[in-house]
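Per-entry structural report
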Amino acid sequence: MRICLLGCAGFIGSHLVEWLLNNSDAEITGTDIDDQKVRHLLGHPRLTYLHSDIRSEVEVTDRLIAECDVLVDLIAVASPTLYVRNPLEVFELDFMENIKIIEKCSAMGKRLIQFSTCEIYGRTWLSLVPDELMTPEARSQADVTMRESQTNMIVGPIEKSRWIYSVSKQLLERVIHAHGQDRGLDYAAIRPFNFVGPRIDFLPSERNNDDSPRVVAHFMNALLYGTDMKLVDGGQALRCYTYIDDAVECIGRITLDTTGRTSRQAFNIGNPENECSVEELAHTMLRIYKEKFWDGQTVLPRIISVPGAEFYGEGYEDCDRRVPDVSKARELIGWEPKWSLDALLTETMGAFVADFKARNATLAAQAVLTASSAGGSDSTNPQPGAATL
Ligand code: UGA
């Protein structure tokens, strides 16, 4: 099987490439605009990596689609900060560029694995029901599980630009479905539910740009740099965190499927057992950090609440809760997520801590080098051995 992954060097793509190399004999071609997250895989005999931007190198993308059996489309920005601050960029990349790929796969008769999002479900119906219309008991027993072919999609007003990502991806899935229905496109749409793992996101203290990572990287930043852990609007939103190894096991099996079982289907991929509020997440990460990684001396973060409009910008609104029904993945490909919340956080936090230590060691070595060469270039104050550095 020849598999092409567009956007192979993001968080999910880098783990998926690794899984496919380890669990199949497929020939893999991957493209991206930065190879950092797949650098450890370059040189593998069945992986060809191309530095290519789908926005400008249309002929390259066309050729890769023509040459592959299965096309995996991972091209997207998926950061709530960008939905609020750069909504047009989100639409242009996540919808306009993706639609071209879908049309080509449809015209060329290629199987398409399209990355969508759990965010297409938007808010739960329960979040719209006023307190006075429902008893607390009925509320606590209400079924808000998100089911691929049954659940309605609920988003906020246009001025709340957070939803542009949700509706861009929703329309993309609707168009893919129509291509399947009218023109026989063979596709699977993947709806990730808060995947977490090594390489997920950058630490904001180490990057000087407009973007902001997802919550686990924000909290890790606070733990490592002693800044505040900020709970947006009190941190009452609920998420189901899913370990990346569980996730790519499922996506990999769908990608390799040749039975037709997974054709023209959307899949929720998430771990319904790992539901917690953002506030609980902060306390859990603080506990694990203290138990496993803290040196007993550095300043530990405070946990504080901040308004969403201050943290993200005026166009922010939140998804209140996302619980996936994963029975389709279970029944069609025998998949079951295995990683508990504690285990996946420990593993992910360990990777952040290791990167942090390696970075600090590199910075310290560079500082020594700089100090030494500055001393060496000062002819009035020669340092012994400086010339050899
Ligand atoms: C994002 C994307 O929009 C989804 O498409 C994607 O599927 C999802 O990440 C994912 O990782 O799978 P979201 O869960 O809202 O969705 O992203 P986060 O940035 O991780 O935020 C999670 C929750 O934490 C939100 O309620 C947010 O307000 C809160 N948060 C975030 C904080 O309380 N503090 C922070 O420092 C950062």
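Here we summarise the structure given alongside this text. (Residues numbered from 1 in each chain as written. Predicted model: local features only at pLDDT ≥ 70, side-chain atom pairs only at ≥ 80, totals over all residues. Heavy atoms only, no water.)

**Digging into the state of the cysteines**
A full pass over the atoms with the stated rule returns zero disulfides. No disulfide involves cysteine 8; its sulfur sits 8.6 Å from that of cysteine 4, the nearest cysteine. Not engaged in a disulfide, the cysteine cysteine 105 finds its nearest cysteine sulfur in cysteine 68; these two sulfurs lie 6.5 Å apart. Assessed through its relative accessible area of 0%, cysteine 105 is described here as buried. (Disulfide = S-S within 2.5 Å. Buried < 20%, exposed > 50% of the residue type's maximum accessible area, 1.4 Å probe, protein only.)

**A short note on the nonpolar core**
Proteins that are soluble and globular tend to have nonpolar side chains buried together. Ranked by size, the top nonpolar core spans 67 residues in total, and within it Leu5, Met220, Ile254, Ile269 and Met285 carry the most contacts. Among residues more than four places away in sequence, those in contact with methionine 285 are Val216, Phe219, Met220, Leu223, Met229, Leu345 and Met349. Within the second largest apolar cluster, 25 residues are counted, among which are Leu64, Leu82, Ile176 and Leu185. (Core = buried A, V, L, I, M, F, W, Y, C linked by side-chain atoms within 4.5 Å. Contact = heavy atoms within 4.5 Å.)

**Here we look at helix H2 (residues 58-67)**
Every buried residue belonging to H2 is among Val60, Thr61, Leu64 and Ile65, and all of these are buried. Looking down the long axis of H2, one finds its buried residues gathered within 130° of arc, a one-sided arrangement. On its buried side, H2 packs onto strand S1 (2-6), strand S2 (27-32), strand S3 (47-51), strand S4 (70-73) and helix H4 (87-108). (Helix = DSSP H or I, 4+ residues; strand = E, 2+ residues; numbered from the N terminus. Arc of directions from axis to C-beta.)

**Considerations on empty space enclosed by the protein**
Inspection of every chain in the model, using the stated rule, returns one cavity of 30 Å³ or more. Within this model, the largest cavity holds a volume of roughly 60 Å³. Around the largest cavity sit Ile54, Val58, Thr61, Glu97, Lys100, Ile101 and Lys104, which together line it. Looking at the lining of the largest cavity, the element that brings in the most residues is H4, giving four residues. Here the lining of the largest cavity is built from residues that sort into three nonpolar, one polar and three charged. (1 Å grid on protein atoms, 1.4 Å probe; cavity = no way out; pocket = protein on both sides within 12 Å on 5 of 7 lines; lining within 4 Å. Points joined across faces, edges and corners; volume = space filled by probe spheres on them. Nonpolar A, V, L, I, M, F, W, Y, C, P; charged D, E, K, R; others polar.)

**Comments concerning the environment of threonine 117**
As for its position among the elements, threonine 117 is in the loop between strand S5 (111-115) and helix H5 (136-141). Taking the relative accessible area as the measure of exposure, threonine 117 reaches 5% and is therefore buried. Sequence separation of threonine 117 and isoleucine 190 is 73 residues, and the distance between their C-alpha atoms is 6.9 Å. Ignoring any residue separated from it by four or fewer positions in sequence, one finds threonine 117 in contact with Tyr165, Lys169, Ile190, Arg191 and Pro192. Polar side-chain contacts of threonine 117 include one of 2.8 Å to the backbone nitrogen of glutamate 119. (Polar contact = N/O pair within 3.5 Å; in protein donor to acceptor, adjacent residues only side chain to side chain.)

**Observations concerning the packing of H2 against H4**
Running from amino to carboxyl end, H2 crosses H4 at an angle of 35°, the nearest separation of the two axes being 10 Å. The element H2 and its partner H4 pack so that their crossing is right-handed. On the side of H2, the interface is formed by Val58, Asp62, Ile65 and Ala66, while H4 contributes Ile101, Lys104, Cys105 and Met108. (Axes fitted to C-alpha atoms, helices over the stretch in contact; angles between N-to-C directions. Left-handed = near helix turned anticlockwise from the far one by under 90°.)

**Here's the deal with the pattern of salt bridges**
In this structure the tally under the stated criterion is 23 salt bridges. A salt bridge links glutamate 173 to arginine 191; its shortest N-O distance comes to 2.7 Å. Here the residue glutamate 173 occupies a position in helix H6 (residues 163-183), and arginine 191 occupies one in strand S6 (residues 187-192), the gap between them amounting to 18 residues. Exposure remark for glutamate 173: the relative accessible area of 11% places this residue in the buried category. Looking at arginine 191, the relative accessible area reads 4%, which means it is buried. Linking arginine 287 and aspartate 342 is a salt bridge whose minimum nitrogen-to-oxygen distance equals 3.0 Å. Here aspartate 342 lies in helix H12 (residues 341-377) and arginine 287 lies in helix H9 (residues 278-293), a separation of 55 residues in the sequence. Ionic contacts of the salt-bridge type, sharing partners, join the residues Glu119, Arg162, Arg239, Asp318 and Arg322 into one network. (Salt bridge = Lys/Arg side-chain N within 4 Å of Asp/Glu carboxyl O.)

**A few points about the packing of aromatic side chains**
One pass over the full model with this rule turns up eight aromatic pairs. Ring geometry for tyrosine 83 versus tyrosine 165: centroids 4.3 Å apart, planes at 10°, classification stacked. You can see tyrosine 83 sitting in helix H3 (residues 80-85) and its partner tyrosine 165 sitting in helix H6, a full 82 residues away along the chain. As far as the burial class goes, tyrosine 83 and tyrosine 165 line up, both buried. With a centroid separation of 6.2 Å and 45° between ring planes, the pair formed by tyrosine 121 and phenylalanine 193 is classed as tilted. On the criterion of sequence distance, the pair formed by tyrosine 121 in the loop between S5 and H5 and phenylalanine 193 in the loop between S6 and strand S7 (195-196) is long-range, its members being 72 residues apart. Accessibility expressed as a relative area gives 0% for phenylalanine 193, which makes it buried. Through a chain of ring-to-ring contacts, the aromatic side chains of Phe311, Tyr312 and Tyr316 assemble into a single cluster. Over the aromatic face of tryptophan 163 sits the side chain of arginine 162, whose NZ or CZ is 5.6 Å from the ring centroid. Of note, lysine 328 hangs over the ring of phenylalanine 267, and the distance from its end group to the ring centre comes to 5.5 Å. (Phe/Tyr/Trp six-rings, centres within 6.5 Å; stacked < 30°, edge-to-face > 60°. Lys NZ or Arg CZ within 6 Å of the ring centre and 35° of its normal.)

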